[in-house]
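A look at the structure
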Amino acid sequence: MARSSADDMDLKRACEAGILSKEKAPEKVVLSMRVAKGRGVAKGLGIAGKLTSRHNMAKPRVLAVTTKAKGQKTKAFLRVLKYSNGGILEPAKVYKIKHLHKVEVASSDPSGCTFILGFDNLRSQSVAPPQWTMRNKDDRNRLLMCILNLCKELLGGIPKVAGMDIVEMAMWAKENTTTKATQVATKDGPMESFFMEAESEVTIEKDLVSQAEEEDIEALLGNYVMAIGEAEAFSERMKRELTALESANVYALMETESIVEEVLEGLEVASICVEDMDEWLGIFNIKLRHMREDIQTIEWRNNRLEQQSVSNVALTEELDKLLVFLQIPPEFEESLTGGSFDEGNMVKNVEACEWLTSAIKNLEGSNLDPCYAKLRAVREKRAEFVLLKCTFVRRAAEFLRNYFPSLIDSMLNDKDNFSQKGQLQRPDHSDMRYKCRKYAKLLQFIKSLDKSCMAPLRKAYCHSLNLLIRREAREFSNELRSSSKASKSSTPLFEGPAGANQPAGVIDSSADAYAKMITVFIPFLVDESSFLAHFMCFDVAAFDDSDSETNSPRSTSEASASSVKPSNDAADLGLLNGCLQELLDGIQEDFYALVDWAFKLDPLTCIAMHGITDRYISAQKAEVAGYVPVLLDDLETRITILFGRFVDDACFQIEKYERNVKQVGVVPYIPRFSQLASRMEQYINGSRELVDQAYTKIVTIMFVTLEKIAQVEPKYVDIVLLENYAAFQHSLYDLANVVPTLAKYYHQASEAYEQACSRHINLVIYIHFEKLFQYARRIEELMYNMSPEEIPFQVGMSKVDFRKMLKSSLTAGQNNQCNV
């Protein structure tokens, strides 16, 4: 006997997978079986409809009885699954068990394997419910018993059963429960299947007919004498009665031959009608198939038309958007082709540039759909926009190249912009910058449209402004020199009589003139550099013009620190430095002239100028680009060279004392150095590096020259050193307490003074007590050859001789001490 599909665990798992793919909550498959689906007899079709339905509409399906727990309640479903093209089960329809009101075995199927399930919630009761055909009656009974059992358990009752005996079903369940359980238990399938089937069948046997119903049936049967006390005897009785009944029917039929012939004629007519109807249904089926094909064709064409309509609308919208990019607005066309660049028209020009830049960008291949990029209209319009861009950029660049020189020429012709006699005029370019800023946006668009046009514009701006800045610096420097009250030093510091080379009461304002030049022009140049970098569209950070109004070095530092912040592009940095060089080149000559003038008046002003310059250099250390740091470095180098020249001249004058001056006493350059150091300290304004270097060089030469002068007269070497080192300490005592460099040389002179003093005292002692030392050495020599008692008896070694020698030595020492 073939295995039932209810025992197929693969089928059960396939059903669970198919249901899970469509439902969110999982359902438990109690039973699953393969069936054949057919359609019942529709109203008005009669026998022909029945035959045609059974013949043509049978389809393979799988019926699955499932349960789903929802809280404390359990719901039961009957699911119909069909096979997809890939042979996978997928849900086709679902019935709720609670709506099942009738189970009917079809009488048209002699085998009894076909049944109908009636549900009370079907939409159209006029449509016949589907018929389900099982492989054998055991499969039918197994499925129906499972459904009836669930109805009894979950709903408290069973639906109406027709076409089969309920008692017979109960007996079948009792007979097949044990056998089925044993059969399933010997298989390799999961224990869950065995448990569910056995439990279902046993429950059916117990609950299909309750105890009360059994008692009612027994009471009903007791009212009739049917001799059914034993089932076998009753079965034999029923067989005998059935045989007798069939024999009586055969005899009755044979007696009514005319009736049978009429029935046969009726059957023949019905058969002809069935054949005619089958032919008509075939014709109708062909017409319906053709009609379906026509409907599908009409629907396909309709879908194509709708799709084409939607596509046409979308295409129209896209073309409208594209036309917006391709058309030049009339208000911009005039500005781009031949409009004026006066200040009043700059708003229109800037808006036209914005539109042109956006239009060219939108027509680039990266920003445009590839299908649009190949259109001839787009290519031609892009070429037209590029030509329009070149024309506009050429006109704008030509206007600005002429505008910058004319603006600067108007300022050069106005004498009020420059310093005049008796009146210093600070350079003020605020009005010029205000006019230039009106064209800043235009310059940005020119750079974005064509970078090559920026070089001539930058050159024209830098060349024109360079003339103005150089003239302002020259006039300001000349007025500073002419208005400053300063007198030139009459003699060099280390030549001539002591104290004759320093004019008393001289008020030297040359350092103040340099400080004013630096204070005014360095912030001004920083602002000009920043404005150039921003105005000429270098990639630098923004700046604040308010810093240019202050004069303090701190404000200059802030302005410089926020001025030129070059980008990471080395090429752009080189271009910026080149423009700054061209903008400010030549102005250094006016600074050099002022430094040289101040140095000629008083070389010591280099100290003050160096301090001022060094402070501004410290403020510019953060700058990577710019001409101002280079200018300050050059000024510092020039001041250092001039002051170094002065120090070298002073050292040369000190060295001349070695050859020309031969005297005993304090050399003149020691007190003069004290005066020089006092004046140098007054000029210090900031760093001491330059002064300390000068101190180191001059004092070193002074000490070396002093040693050489002392060696001229060996007899008085220590006396000369004593006098001069003492004079050096005396003259620099106050300064050494506050100047670390002079304190170092003060201690060096003190050590040299002590050494010279020690040597001189030793020499004096040795000269005046020489006989006493000789007498002592003679005694030491004699003690090697004789005893101490014999020494007084030697020639010249008696006590009288010792007293004479000691008296003469002490007398000479006292005289020498009095002389000292």
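We now examine the overall build of the protein chain. In terms of helices and strands, the protein chain carries 28 helices and eight strands. Put simply, the protein chain has 820 residues, and 39% of those count as buried. For the protein chain, the proportion of contacts with a sequence separation of at least 24, taken over those separated by at least 6, is 71%.

Per-residue pLDDT for the protein chain has a mean of 75; in total, 74% of the residues score no lower than 70. Taken together, the stretch residues 496-507 has pLDDT below 50 and engages in 19 contacts with residues farther than four places along the chain or on a different chain. Note that pLDDT drops below 50 for residues 541-568; the model gives that stretch 54 contacts with residues more than four away or on any other chain.

Tallying each qualifying case throughout the model produces 12 salt bridges. Here R34 makes a salt bridge to D8, at a shortest N to O gap of 3.3 Å. One end of the pair, R34, is in strand β1 (residues 28-39); the other, D8, is in the segment before α1 (9-22), and 26 residues separate them in sequence. For R34, a relative accessible area of 39% gives the class partly exposed. Salt-bridge contacts for R638 lead to D596; the nearest nitrogen and oxygen are separated by 3.0 Å.

The next thing to look at is the nonpolar core. Formed by 132 residues in total, the largest nonpolar core has its most connected members in L442, Y461, I587, F643, F673 and F728. What F643 contacts, discounting residues up to four positions off in sequence, is F599, P603, L604, C606, I607, M680, L690 and A694.

Overall, the coordinates contain 19 aromatic pairs when judged by the stated rule. Consider the rings of F399 and Y403, whose centres lie 5.7 Å apart with planes at 20 degrees: the pair is stacked. You can see F399 and its partner Y403 sitting in helix α12 (residues 376-412), four residues apart, about one turn around the helix. A relative accessible area of 13% means that Y403 is categorised as buried. Ring centres of F703 and Y745 lie 6.3 Å apart, and the angle between their planes is 70 degrees; on these two criteria the pair is classed as edge-to-face. Of this pair, F703 sits in helix α23 (residues 689-710) while Y745 is found in helix α26 (residues 740-768), placing the two residues 42 residues apart along the sequence.

On to the pairing of strand β6 (residues 114-119), then. Where burial is concerned, most of β6 is hidden: six out of the six residues are buried. Note: β6 against strand β7 (residues 130-133), three bridges, orientation antiparallel. By the bridge assignment, F115 is partnered in β7 with W132.

As a further point, take the pairing of strand β4 (residues 89-96). The pairing of strand β3 (residues 73-83) with β4 spans seven bridges and is antiparallel. Directly across from Y83, in β4, lies its bridge partner L89. The loop that links β3 with its antiparallel partner β4 comprises five residues; one of these, G87, has a positive phi angle of about 80 degrees.

Let us look at helix α20 (residues 605-619). For α20, which comprises 15 residues, the first-to-last C-alpha distance of 22 Å matches the rise-based estimate of 21 Å (1.5 Å per residue) to within 8%. Taken as a whole, α20 has its buried residues at T605, C606, I607, A608, M609, H610, G611, I612, T613, Y616, I617 and A619.

Moving on, we get to the sheet that holds β3. Spatially, β4-β3-β2-β1-β7-β6-β5-β8 is the arrangement adopted by the eight strands of the open sheet, whose pairing is mixed. Edge strands, defined here as strands with exactly one partner in the open sheet, are β4 and β8 (160-162). Across this sheet, the average inter-strand angle for adjacent strands is 35 degrees, counted without regard to direction. Sheet analysis places strand β5 (residues 100-105) next to β8, joined by three bridges and oriented parallel.

In this section: helix α16 (residues 510-535). In this model, α16 (26 residues) spans 37 Å end to end at C-alpha, consistent with the 38 Å of a helix rising 1.5 Å per residue. Taking burial as the measure, the 26 residues of α16 include 23 buried ones, the bulk of the element. Count one or two residues on from α16 and you reach C537, which has phi positive near 65 degrees.

Moving on, we get to unusual backbone geometry. A positive phi angle is found at C537, which is not glycine, with a value near 65 degrees. As for its position among the elements, C537 is in the loop between α16 and α17 (553-561). Given the relative accessible area of 9%, C537 is considered buried.

Let us look at the packing of α16 against helix α19 (residues 588-601). Relative orientation of the contacting elements α16 and α19 amounts to 165 degrees, with a least axis distance of 9 Å. Judged on the interaxial angle alone, α19 and α16 are roughly antiparallel. α19 is crossed by α16, and the crossing has left-handed handedness. For the pair formed by α16 and α19, the contact residues are S510, A513, Y514, M517, I518 and F521 on the first element and D590, F591, L594, V595, W597, A598 and L601 on the second. Each residue belonging to the contact of α16 with α19 can be placed in one class, and the counts come to 11 nonpolar, one polar and one charged.

Where α23 contacts helix α24 (residues 717-731), the axes come no closer than 9 Å and their chain directions differ by 155 degrees. Here α23 lies roughly antiparallel to α24, going by the angle between them. For the pair α23 and α24, the sense of crossing is right-handed. Touching V699, M702, F703, L706, E707 and A710 of α23 are V717, V720, L721, N724, Y725 and F728, all from α24. Class assignment of the residues belonging to the contact of α23 with α24 gives a composition of 10 nonpolar, one polar and one charged.

Along the chain, D138 falls in helix α3 (residues 137-155). Separated by 38 residues in sequence, D138 and N176 have C-alpha atoms that sit 9.1 Å apart.

The rules behind the values
Residues numbered from 1 in each chain as written. Predicted model: local features only at pLDDT ≥ 70, side-chain atom pairs only at ≥ 80, totals over all residues. Heavy atoms only, no water. Helix = DSSP H or I, 4+ residues; strand = E, 2+ residues; numbered from the N terminus. Buried < 20%, exposed > 50% of the residue type's maximum accessible area, 1.4 Å probe, protein only. Contact = heavy atoms within 4.5 Å. pLDDT = per-residue confidence, 0-100. Salt bridge = Lys/Arg side-chain N within 4 Å of Asp/Glu carboxyl O. Core = buried A, V, L, I, M, F, W, Y, C linked by side-chain atoms within 4.5 Å. Phe/Tyr/Trp six-rings, centres within 6.5 Å; stacked < 30°, edge-to-face > 60°. Pairing = 2+ DSSP bridges. Expected span 1.5 Å × (residues − 1). Axes fitted to C-alpha atoms, helices over the stretch in contact; angles between N-to-C directions. Parallel < 35°, antiparallel > 145°, perpendicular 65-115°, else oblique. Left-handed = near helix turned anticlockwise from the far one by under 90°. Nonpolar A, V, L, I, M, F, W, Y, C, P; charged D, E, K, R; others polar.

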